[in-house]
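Architecture and fold: a report
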Amino acid sequence: MSPKHVEDMYDAVIVGAGAAGLSAALGMLRSEPMRGMRANGIEPNVLVISKLQPLRSHTGSAEGGIAASLGNVEKDDWHWHYFDTVKGGDWLVDQDAAQLLAQEAPETVIALEHAGVAFSRTDDGHIAQRRFGGHTKDFGKEPVRRAAYAADRIGHQILFSLWQQCVAEGVEFAEEWYVTDLVVAKDGSRAEGVVAFDTHKGEAHAIHARNVLVATGGAGRLFHTTSNSWDLTGDGMALALSAGLQLEDSEFVQFHPTGLAHTGILLSEAARAEGGVLRNADGEAFMEHYAPGHADLAARDVVSRSIMAEIDAGRGVPDPKDPTGPKDCVWLDMTGIDADHMRKVLPQVVETIEKYADLDPTKDYVPVKPTAHYTMGGIPITTDGEVYRWIDGERAVVEGLFAAGECSCVSVHGANRLGGNSLLDACLFGTRSGKALASRIVENPVNDPLAVDDGASDADDVRQTADVRTAEIKELLAQLPEDDAAAGDNPYRLMADLGLVMERAVAVRCDADGIERALATLRNDLEPRAKALHAHSDSATFNQEITAIWEVRHLIELGEAVLEASDARHESRGSLKRLDFPERDDEHFLAHSMADASGRIAWQPVHIVDMPPKAREY
Ligand SMILES: Cc1cc2nc3c(=O)[nH]c(=O)nc-3n(C[C@H](O)[C@H](O)[C@H](O)COP(=O)(O)OP(=O)(O)OC[C@H]3O[C@@H](n4cnc5c(N)ncnc54)[C@H](O)[C@@H]3O)c2cc1C
């Protein structure tokens, strides 16, 4: 679907149609002030742009659940959820944001139910809830059932329900349009619009808007082994960097311990909860040594680090598909689980192993390794979704610019996210940012005959940026002679090379030398190669190589920020393990890194409300 035509000016442009972007669209349209405006016959001029057809957004892959202290199965309390979130994030969590997350979680889940999400049910008809790592009752005393679920398809349910609601509201989508630029006033004070590439026609459009919301998802594709789908190339984060803005806490990337070797596809934690055991090359169940209390069910970062320690000590195994290849996996042994029970409770896990590894988990050991799963950091936002810059020790809001979901950082996940908290973050803060957008729009809607048109110079900026892109597209389509070195290169190869460099340098653990080497490779090898890329077909229509070229450039830009921020943090916290700085250091680093495109890092203190940091026992 393409928009009927591109308007001269939009009230709001939302980039991204996953849980965050769609929640923002609905939060905006259904807010009180917006209902009032629409009742008076003034319709907002809104466009949702998505590089994918919306129903292919990664939100649809979420399996396990969404966290909320509904207390449907056993007693629960939002204060406990709040505590778990702060502790799980190794105290790098802004506590005012985490309070909101925990407090507004139940109403967020109930709103999803009303939007049509077919949650699994308890016998008496309530939304069913299951356990998830790190969610406890009584401030850490014992596990609690807090994750509301829909079999193992919660993301699919949420994505389809939100999308249907948007369609019912008449939201206009620009599908398979790729946003190449976020246009912000030169002084960084306000959003002016975006430039978007219509992949159907191969044309760049200047899209002038008073408000822009970025909801482009995560960046797992920075790493070779990832559970993320192919589209998660960190576009929104790179667009923010290119627009002169900062990223917060970009050094924190969560690795899930059990990615299926070779593919990185997620094998749910449930496999270990049901009795699966990790074993090294000697057949030893090694987690007993690293986490005697919780063994295979220790926190995600602990299990991932233990796997890497075994591999580093030479006790890894090769992927059976590549027996002479590197010994960079360990075994997941599920053979102790009753076969019938396994098929009943872990159908998705069994199917993934059979289909992608050609193995039978009831008889065979399964090769696994940590897989890049979630980006805790992102574009810094307030609890109303407003993007800000951290300047001279203060937050300076960029007027009309919002972000939500995995590309943003409201700082509820800190250094390590708890399962079930990210769908919640995307839906809850997506809705809040939509409401904040609505308040701005009703003040001066584009379609109001009395509206003040104050955006002529902003429109010029957006047009000029689009002209630059149009010239670039022409350049990218120009065919290179076969003997030109760049003609033999392509963005997919470059992405694979980048993934390996990042994986070696910062996956699960890192040190200064490795980071420095990786930065040099990115700057001296990958970046020049990315600049020299050309498409191999001169057709502009549906030329996916063009978007892949931009995607890999975005990944490289973002990769540099991740490396710079990892380098600057001289401590180990949550998902970041510095081998050369193994301890957490609250005295110097109880602060968020704020990295810009030039590699400068500023530090923003963590918001502590009522929970001073404590040691995080595993
Ligand atoms: C396998 C897997 C399982 C998970 N399971 C759970 C779970 O059980 N519980 C939980 O809470 N979380 C889970 N998560 C995490 C959670 O699903 C995500 O964090 C969340 O869905 C992100 O939503 P989003 O709206 O921010 O991004 P996405 O759903 O990724 O959507 C991003 C959108 O941005 C668009 N886009 C991106 N770049 C551009 C561009 N340049 N131009 C135009 N459009 C663009 C895309 O088209 C897409 O519509 C899981 C994640 C994975 C990968």
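Scroll up a little and you will see the structure.
Anyway, here's the lowdown on the structure attached to this text. (Residues numbered from 1 in each chain as written. Predicted model: local features only at pLDDT ≥ 70, side-chain atom pairs only at ≥ 80, totals over all residues. Heavy atoms only, no water.)

1. Structural notes on the overall build of the chain
Helix and strand content of the chain: 17 helices and 20 strands. Computed over its C-alpha atoms, the radius of gyration of the chain comes to 24 Å, within 12% of the 25 Å expected for a compact globule of 618 residues. Over its C-alpha atoms, taken along the principal directions, the chain stretches across nearly 70 × 65 × 50 Å. The buried share of the chain, reckoned over its 618 residues, is 59%. In the chain, of all internal contacts separated by at least 6 residues, the share reaching a separation of at least 24 is 74%. By element, 49% of the accessible surface of the chain is carried by carbon and sulfur atoms, the whole surface being about 24100 Å². Within the chain, the 99 negative side-chain charges are centred at a point lying 4 Å from the centre of the 58 positive side-chain charges. (Helix = DSSP H or I, 4+ residues; strand = E, 2+ residues; numbered from the N terminus. Rg over C-alpha atoms; globule rule 2.2 N^0.38 Å. Buried < 20%, exposed > 50% of the residue type's maximum accessible area, 1.4 Å probe, protein only. Contact = heavy atoms within 4.5 Å. Areas by Shrake-Rupley, 256 points an atom, 1.4 Å probe, with all protein chains shown as cover. Lys, Arg positive; Asp, Glu negative; His and termini not counted. Charge placed at Lys NZ, Arg CZ, Asp CG, Glu CD.)

2. Considering the packing of aromatic side chains
Taken as a whole and judged by the stated rule, the model has eight aromatic pairs. A ring pair is formed by Trp78 and Tyr82, whose centres lie 6.2 Å apart and whose planes are at 40 degrees; its orientation type is tilted. Taken together, the residues span about one helical turn, with Trp78 and Tyr82 both in helix α3 (residues 78-88) at a distance of four residues. Taking the relative accessible area as the measure of exposure, Tyr82 reaches 3% and is therefore buried. Plain terms: the ring middles of Phe83 and Phe139 are 5.6 Å apart, the flat faces sit at 85 degrees to each other, and that makes the pair edge-to-face. Taken as a pair, Phe83 in helix α3 and Phe139 in the loop between β4 (129-137) and β5 (142-148) lie far apart in primary sequence, 56 residues in all. Phe83 sits in the buried class, given a relative accessible area of 11%. Clustering of aromatic rings is evident, with ring pairs tying together Tyr178, Phe197 and Trp550. It is Arg417 that lies over the ring of Tyr374; its NZ or CZ is 4.2 Å from the centre. (Phe/Tyr/Trp six-rings, centres within 6.5 Å; stacked < 30°, edge-to-face > 60°. Lys NZ or Arg CZ within 6 Å of the ring centre and 35° of its normal.)

3. Some points on the side chain of Asn421
Here Asn421 lies in helix α12 (residues 421-443). Taking the relative accessible area as the measure of exposure, Asn421 reaches 0% and is therefore buried. Separated by 3.2 Å, the side chains of Asn421 and Thr85 make a polar contact. In contact with Asn421, other than residues within four places in its own chain, are Ala67, His81, Thr85, Leu101, His135 and His413. (Polar contact = N/O pair within 3.5 Å; in protein donor to acceptor, adjacent residues only side chain to side chain.)

4. Details of the site of the ligand
Every one of the 37 residues lining the ligand counts as a neighbour, but Ser57, His58, Thr59, Glu406 and Ser422 are closest to it. Taking Ala215, its main chain carries an N or O atom lying 3.4 Å from an oxygen atom of the ligand. Coverage of the ligand by the protein chains reaches 97% of its 1000 Å² of free accessible surface. Among the elements of the structure, α1 (19-29), β2 (46-50), β7 (177-184), β14 (366-375) and α12 are those that each provide at least two residues to the shell around the ligand. Considered class by class, the residues forming the shell around the ligand number 14 nonpolar, 18 polar and five charged. (Near = heavy atom within 4 Å. Nonpolar A, V, L, I, M, F, W, Y, C, P; charged D, E, K, R; others polar.)

5. A few points about the pattern of salt bridges
Taken as a whole and judged by the stated rule, the model has 45 salt bridges. Measuring nitrogen to oxygen at the nearest pair gives 2.4 Å for the salt bridge that ties Arg523 to Glu564. Residue Arg523 is located in helix α15 (residues 512-532), and its partner Glu564 is located in helix α16 (residues 544-568); the two are separated by 41 residues in the primary sequence. Look at Glu564 and you get buried, because its relative accessible area is 15%. For Asp586, the salt bridge identified is with Arg584, shortest N-O distance 2.9 Å. Three or more residues joined by partner-sharing salt bridges are found here, namely Asp90, Asp249, Glu251, Arg569, Glu571, Arg573, Arg584 and Asp586. (Salt bridge = Lys/Arg side-chain N within 4 Å of Asp/Glu carboxyl O.)

6. Looking at the sheet that holds strand β10 (residues 247-248)
Strand pairs in the sheet, formed through backbone hydrogen bonds, run parallel or antiparallel to each other. What the three strands build is an open sheet, ordered β10-β19-β20; its pairing is antiparallel. Two strands bound the open sheet, and with one partner strand each, they are β10 and β20 (601-605). Each of β10, β19 (591-595) and β20 is contacted by α16, which is oriented at about 65 degrees to β20, the strand it contacts most. (Pairing = 2+ DSSP bridges. Axes fitted to C-alpha atoms, helices over the stretch in contact; angles between N-to-C directions.)

7. Some points on unusual backbone geometry
Of note in this structure, Trp91 is not a glycine but carries a positive phi near 65 degrees. Locating Trp91 in the fold gives a position in the loop between α3 and α4 (95-115). With relative accessibility at 2%, the residue Trp91 sits in the buried group.

8. A short note on the sheet that holds β4
If you walk across this open sheet you meet the three strands as β3-β5-β4, and the pairing is antiparallel. With partners counted over all chains shown, the strands left at the sheet margins are β3 (66-67) and β4, one partner each. In the sheet, β4 pairs with β5 via five bridges, with the strands oriented antiparallel. Opposite Gln129, over in β5, you have Ala148 as the bridge partner.

9. What to know about the side chain of His208
Looking at the element boundaries, His208 is found in strand β9 (residues 203-214). Taking the relative accessible area as the measure of exposure, His208 reaches 8% and is therefore buried. If we ignore the near neighbours within four places in the chain, the residues touching His208 are Asp8, Met9, Tyr10, Glu192, Gly193, Gly455, Asp458, Ala459 and Val462.

10. Remarks on the nonpolar core
Counting residues in hydrophobic clusters, the biggest one holds 157 residues, and the most contacted among them are Met28, Ile49, Ile66, Ile158 and Leu401. Every residue in contact with Ile66, bar those within four places of it in the chain, is listed here: Val109, Leu112, Phe119, Arg146, Ala147, Ala148, Ile154, Ile158, Gly420, Leu423 and Leu424. One finds Trp91, Val93, Ala98 and Met611 within the second-largest nonpolar core, a separate group that totals eight residues. (Core = buried A, V, L, I, M, F, W, Y, C linked by side-chain atoms within 4.5 Å.)

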